[in-house]
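Observations on the three-dimensional arrangement
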Amino acid sequence: MSKEKILDAALIILVPFGLYMAFIYAPVAKSLGPNQKIFYFHVASAWISFFAFFVTFCTSILYLMKDDFRFDDIAESSAEIGLLFCTIVLTTGPVWGKAAWGAWWTWDPRLTTTAILWFIYVGYIMLRKFIDEDSKRARFAAAVGIIGFIDVPIVFFSIRIWKNTIHPNVVQKGGGGLHPMMLHAMFVALLIFTLLYFSLLIKRVRLARARRRFAALERAS
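Residues numbered from 1 in each chain as written. Predicted model: local features only at pLDDT ≥ 70, side-chain atom pairs only at ≥ 80, totals over all residues. Heavy atoms only, no water.

Observations concerning the overall build of the protein
What counts here: Secondary structure elements are defined from DSSP: runs of H or I of at least 4 residues count as helices, runs of E of at least 2 residues count as strands, and each element is numbered from the N terminus. The rule is simple: take the accessible area with a 1.4 Å probe, protein chains only, and divide by the maximum for that residue type; under 20% is buried, over 50% is exposed, in between is partly exposed. Only heavy atoms enter the contact rule, under which two residues are in contact if any of them lie within 4.5 Å. In this tally Asp and Glu are treated as negative and Lys and Arg as positive; neither His nor the chain ends contributes. Every charge is mapped onto a representative atom, which is NZ of Lys, CZ of Arg, CG of Asp or CD of Glu.
Within the protein one finds 7 helices and 0 strands. Helices and strands appear in the protein in the N-to-C order α-α-α-α-α-α-α. Counting only C-alpha atoms, the protein reaches 65 × 45 × 25 Å along its principal axes. For the protein, the residues scored as buried account for 46% of the 221 residues in total. Relative to all contacts within the protein whose residues are 6 or more apart in sequence, the contacts with residues 24 or more apart total 76%. Seen as two clouds, the 24 positive and the 14 negative side-chain charges of the protein have centres 9 Å apart.

Side note on unusual backbone geometry
Phi angles above zero are rare outside glycine, and aspartate 67 is one such case at about 55°. Mapped onto the elements of the fold, aspartate 67 is located in the loop between helix 2 (38–66) and helix 3 (69–101). A residue is classified by how much of its surface remains accessible, and aspartate 67, at 54% relative accessible area, is exposed.

Notes on the packing of aromatic side chains
Where we set the bar: Stacked, tilted and edge-to-face pairs are distinguished by plane angle, under 30 degrees for stacked and over 60 for edge-to-face with tilted covering the rest, among Phe, Tyr and Trp rings (Trp via its six-membered ring) whose centres lie within 6.5 Å.
Applying the stated criterion across every chain, the model contains 16 aromatic pairs. In textbook terms, an aromatic cluster arises when at least three aromatic residues are bridged by ring pairs, as seen for Trp47, Phe51, Tyr197 and Phe198.

Quick notes on the side chain of serine 78
The following threshold applies: Residues adjacent in sequence count toward polar contacts only when both atoms are side-chain atoms; beyond that, a polar contact is any pair of N or O atoms within 3.5 Å, and within protein one must be able to donate a hydrogen and the other to accept it.
Along the chain, the position of serine 78 falls in helix 3. Polar side-chain contacts of serine 78 include one of 2.7 Å to the backbone oxygen of alanine 52. Every residue in contact with serine 78, bar those within four places of it in the chain, is listed here: Ala52, Val55, Thr56, Tyr197 and Leu201.

What to know about the layout of surface pockets
Applicable threshold: Using only the protein atoms, space was sampled on a 1 Å grid; points where a 1.4 Å probe fits but cannot get out form cavities, open sets with protein on both sides within 12 Å along at least five of seven lines form pockets, and lining residues are those with an atom within 4 Å of a point. Grid points are joined across faces, edges and corners, and a volume is the space filled by probe spheres set on the points. Classification convention: Asp, Glu, Lys, Arg as charged; Ala, Val, Leu, Ile, Met, Phe, Trp, Tyr, Cys, Pro as nonpolar; all other residues, Gly among them, as polar.
In this model, the second largest pocket occupies a volume close to 270 Å³. The wall of the second largest pocket is formed by 13 residues, among which Glu76, Arg137, Ala208, Arg211 and Arg212 lie closest to the centre. Looking at the lining of the second largest pocket, the elements with two or more residues in it are helix 3, helix 4 (109–130), helix 5 (134–148) and helix 7 (180–220). A total of 6 residues in the lining of the second largest pocket trace back to one element, the largest contributor, which is helix 7. Here the lining of the second largest pocket is built from residues that sort into 2 nonpolar, no polar and 11 charged.

Points about the nonpolar core
Filter applied, for reference: We call a set of buried Ala, Val, Leu, Ile, Met, Phe, Trp, Tyr and Cys residues a nonpolar core when their side-chain atoms join them within 4.5 Å.
Ranked by internal contacts, the top residues of the largest apolar core, which has 33 residues, are Phe39, Tyr40, Leu178, Met182, Met186, Phe193 and Tyr197. Listing elements by their share of this core, those giving two or more residues are helix 1 (3–25), helix 2, helix 3 and helix 7. Element by element, the count of residues in this core is highest for helix 7, at 13 residues. Judged by nonpolar contacts, the second largest core, of 15 residues, contains Phe53, Ala75, Leu117 and Phe149.

Side note on the packing of helix 2 against helix 7
The criterion, for reference: To get an axis, fit a line to the C-alpha atoms, keeping to the stretch in contact for a helix; angles then go from 0 to 180 degrees between the N-to-C directions. Should an angle fall under 35 degrees it is taken as roughly parallel, and over 145 as roughly antiparallel, whereas 65 to 115 is taken as roughly perpendicular and any remaining angle as oblique. By convention, the crossing between two helices is left-handed when the near helix turns anticlockwise from the far helix through less than a right angle, and right-handed when the turn is clockwise.
Relative to each other, helix 2 and helix 7 sit at 40°, their axes nearing to 9 Å. Classified by the interaxial angle, the pair formed by helix 2 and helix 7 is oblique. For the element pair helix 2 and helix 7, the recorded crossing hand is right-handed. On helix 7, the residues that touch Phe39, Tyr40, Phe41, Val43, Ala44, Ser45, Trp47, Ile48, Phe51, Ala52 and Val55 of helix 2 are Met182, Ala185, Met186, Ala189, Leu190, Phe193, Thr194, Tyr197 and Phe198.

Details of the pattern of salt bridges
Threshold: Between Lys or Arg on one side and Asp or Glu on the other, a salt bridge is scored when a side-chain nitrogen of the former is within 4 Å of a carboxyl oxygen of the latter.
Counted by the stated rule, this structure contains 12 salt bridges. Of the charged contacts, one joins aspartate 68 and arginine 70 as a salt bridge, the two residues approaching to 2.7 Å between their closest N and O atoms. Overall, aspartate 68 belongs to the buried group, its relative accessible area being 18%. On the basis of relative accessibility, which here comes to 51%, the residue arginine 70 falls in the exposed class. Arginine 204 is the partner of glutamate 76 in a salt bridge, and the nearest nitrogen-oxygen pair spans 3.5 Å. With glutamate 76 in helix 3 and arginine 204 in helix 7, the pair connects residues that are 128 residues apart, well separated along the chain.

Quick look at helix 5
Quick note on the threshold: Between the first and last residue of a helix there are one fewer steps than residues, each counted as 1.5 Å, and that sum is the expected span. Directions are taken from the helix axis to each C-beta atom, and the arc is the one they span.
Helix length check: helix 5, at 15 residues, gives a terminal C-alpha distance of 21 Å against a target of 21 Å (1.5 Å per residue), a fit within 8%. Within the span of helix 5, buried status applies to Asp134, Arg137, Ala138, Ala141, Ala142, Gly145 and Gly148. In an axial view of helix 5, the angular spread of the buried residues amounts to 140°, which keeps them on one side of the axis. Put simply, glutamate 133 is the residue that caps the front of helix 5, since its side-chain oxygen is 3.2 Å from the backbone nitrogen of serine 135.

Shown next, in the form of structure tokens:
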């Protein structure tokens, strides 16, 4: 059995388990009520977007070093997946924020830097669409993939850099005051989303390489 099929089989089993952990196992927060349940998907999506952009950062460097389009395919694929999950972060966050802060959006440092991160990788995807020559496109995209990643640690450490933030910090000792059962549900969600990322990455890289072969055949004909 291939790695992809193993991942897909694991997800078929784990996704229902993750939903059980989030909606049934974890207690309901007294202050936020059922709205707090979105937290598990929000945090897991944020983790995957950061990780995906890190993969793009690393493979962009490798492409510039080795001039191997295999790394460019991974960088592009991971950036698209990261942008997808960053979009989930920016859509689930306001739903949670409305219940917690009474507003859909505040110009909180973490929210603002996350929005900037989203625009950076939208620009990355758009850049790839507007450059036809393969090597030139890959080089310019690699530069954006490397420079754009600078915003990821800024987003992560924004709570510590700007003291006036109202965004909660759960990545700390004790889980930011989370109930232990909530922590269990969060870790399960992180595991499931990580496996989902790798499953999507394998499929997206295969598609990128198929497109590259097809384009080569078109040029040769």
